[in-house]
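If you want the building blocks of each chain, they are given just below.
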Amino acid sequence: MKITGLNLNIVWKNKNENFRLIENQLQNENADLFLLPEMFSTGFCMDAAEVTDKNEESLEFLKRISREKNAAFCGSSPVDVDGKFYNRMYFVKPDSEVVYYDKRHLFSFSGEDQVYTPGYHRVIVEYHGIRFLLQVCYDLRFPVFARNNDDYDAVLYVANWPEKRVEAWKHLLKARAIENLSYVFGLNRIGTDGNDLFYQESSHCFFADGKEVAEKKGNLVTADLNLDELKDFRNHFQFLNDRDDFEIKL
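Residues numbered from 1 in each chain as written. Predicted model: local features only at pLDDT ≥ 70, side-chain atom pairs only at ≥ 80, totals over all residues. Heavy atoms only, no water.

### Details of the overall build of the protein chain
Here's step 1: Each helix and strand counted, the protein chain has 6 helices and 14 strands in total.
Here's step 2: Against the globule reference of 18 Å for 250 residues, the protein chain gives a C-alpha radius of gyration of 17 Å, in line with a compact fold.
Here's step 3: Considering only C-alpha atoms, the protein chain reaches an extent of 50 × 40 × 35 Å along its principal axes.
Here's step 4: Taking all 250 residues of the protein chain together, the buried fraction comes to 54%.
Here's step 5: Sequence separation of 24 or more characterises 65% of the internal contacts of the protein chain that already satisfy a separation of 6 or more.
Here's step 6: As displayed, the protein chain has an accessible area near 11300 Å², and 44% of this comes from carbon and sulfur atoms.
Here's step 7: A gap of 2 Å separates the mean positions of the 31 positive and 41 negative side-chain charges of the protein chain. (Helix = DSSP H or I, 4+ residues; strand = E, 2+ residues; numbered from the N terminus. Rg over C-alpha atoms; globule rule 2.2 N^0.38 Å. Buried < 20%, exposed > 50% of the residue type's maximum accessible area, 1.4 Å probe, protein only. Contact = heavy atoms within 4.5 Å. Areas by Shrake-Rupley, 256 points an atom, 1.4 Å probe, with all protein chains shown as cover. Lys, Arg positive; Asp, Glu negative; His and termini not counted. Charge placed at Lys NZ, Arg CZ, Asp CG, Glu CD.)

### Considerations on the nonpolar core
Here's step 1: By size, the foremost hydrophobic cluster in this structure holds 51 residues, and its most contacted members are Phe91, Phe132 and Leu156.
Here's step 2: Considering each element in turn, this core owes the most residues, 6 residues, to strand β8 (residues 154-159). (Core = buried A, V, L, I, M, F, W, Y, C linked by side-chain atoms within 4.5 Å.)

### Remarks on the pairing of strand β3 (residues 72-81)
Here's step 1: For β3, the tally of buried residues reaches 8 of 10 residues, placing the bulk of the element in the interior.
Here's step 2: Taken together, the 3 bridges between strand β2 (residues 33-35) and β3 define a ladder with parallel strand orientation. Within the sheet, the bridge partner assigned to Leu35 lies in β3 and is Cys74.
Here's step 3: For β3 and strand β4 (residues 84-92), the ladder comprises 9 bridges, and the chain directions are antiparallel. Residue pairing across strands places Val79 opposite Tyr86, the latter belonging to β4.
Here's step 4: Where β3 hands over to β4, the hairpin turn is made up of 2 residues, of which Asp82 adopts a positive phi near 55 degrees. (Pairing = 2+ DSSP bridges.)

### A word on a negative patch on the surface
Here's step 1: Side chains of Asp209, Asp228, Glu229 and Asp232 sit close together on the surface and give a patch of like negative charge.
Here's step 2: By secondary structure assignment, the location of Asp228 is in helix α6 (residues 227-236).
Here's step 3: In this structure Asp228 comes out as exposed when scored by relative accessible area, which is 54%. (Patch = residues over 30% accessible without salt bridge, like charges linked within 9 Å, V, L, I, M, F, W, Y side chains within 5 Å. Salt bridge = Lys/Arg side-chain N within 4 Å of Asp/Glu carboxyl O.)

### Focus: the packing of aromatic side chains
By convention here, two paired aromatic rings are described through the distance between centres and the angle between planes.
Here's step 1: Within this structure, the stated rule accounts for 14 aromatic pairs.
Here's step 2: Between Phe40 and Phe61, the aromatic rings sit 6.5 Å apart at their centres with planes inclined by 40 degrees, giving tilted as the arrangement. Of the two residues, Phe40 sits in the loop between β2 and α2 (48-51) while Phe61 sits in helix α3 (residues 57-69), which places them 21 residues apart along the sequence. Of the two residues examined, Phe40 and Phe61, each falls in the buried class.
Here's step 3: Taking 5.1 Å as the distance between ring centres and 85 degrees as the angle between the ring planes, the aromatic pair formed by Tyr138 and Phe142 counts as edge-to-face.
Here's step 4: Classification of Tyr138 by relative accessible area gives buried; the value is 17%.
Here's step 5: For Phe142, a relative accessible area of 28% corresponds to the partly exposed category. (Phe/Tyr/Trp six-rings, centres within 6.5 Å; stacked < 30°, edge-to-face > 60°.)

So, in structure tokens, the structure goes:
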């Protein structure tokens, strides 16, 4: 499976401009799955009442571009559900099937936990025979929530992870791949946001042994996920059989 992530320089609080940029930058690209950053339509913004979709604009954009490119699209956007705000990660298939995950770990350092409501469920979606665990940014710092119970093959992280903490981002992505015997694709944004935070190009895809498998060209980062290769690796190194047995209580 070919996955392509877009290192998007998100325009602050401007959905239509971000939709235009995404379409233009992916116009001539083909992939099975396209990844977009966390809050791809607005930037990582705490003004939830201002930026949340009033008519599911971001979701409808994902549905449309997914149909047009005959590929799945995945990214997060702020949503309002009965007066509660969520940082919602969508996985949209070309037939308009939608699976979503609400970010569990809210970034208290920025006050996200004071504005948004946490999700309570791990979400795994299957596409083209590969099982994906959906995760958003700060979730990366909490390995228990991402522990592979032999129920997924790859983890998708979409993020707004600033340059000043980018070393943690890179090493935690690699650690999640190694400890879970899985592919891990982490897509970050680039540029400077409305809070004057800078984001350097830092997207990665790691194989289960910690090897970087992504190729980068311009603002695109691409990786081919080989399920047979992953199964062979897991059969040879059966570390998941020795994992601790525990239950997450939320």
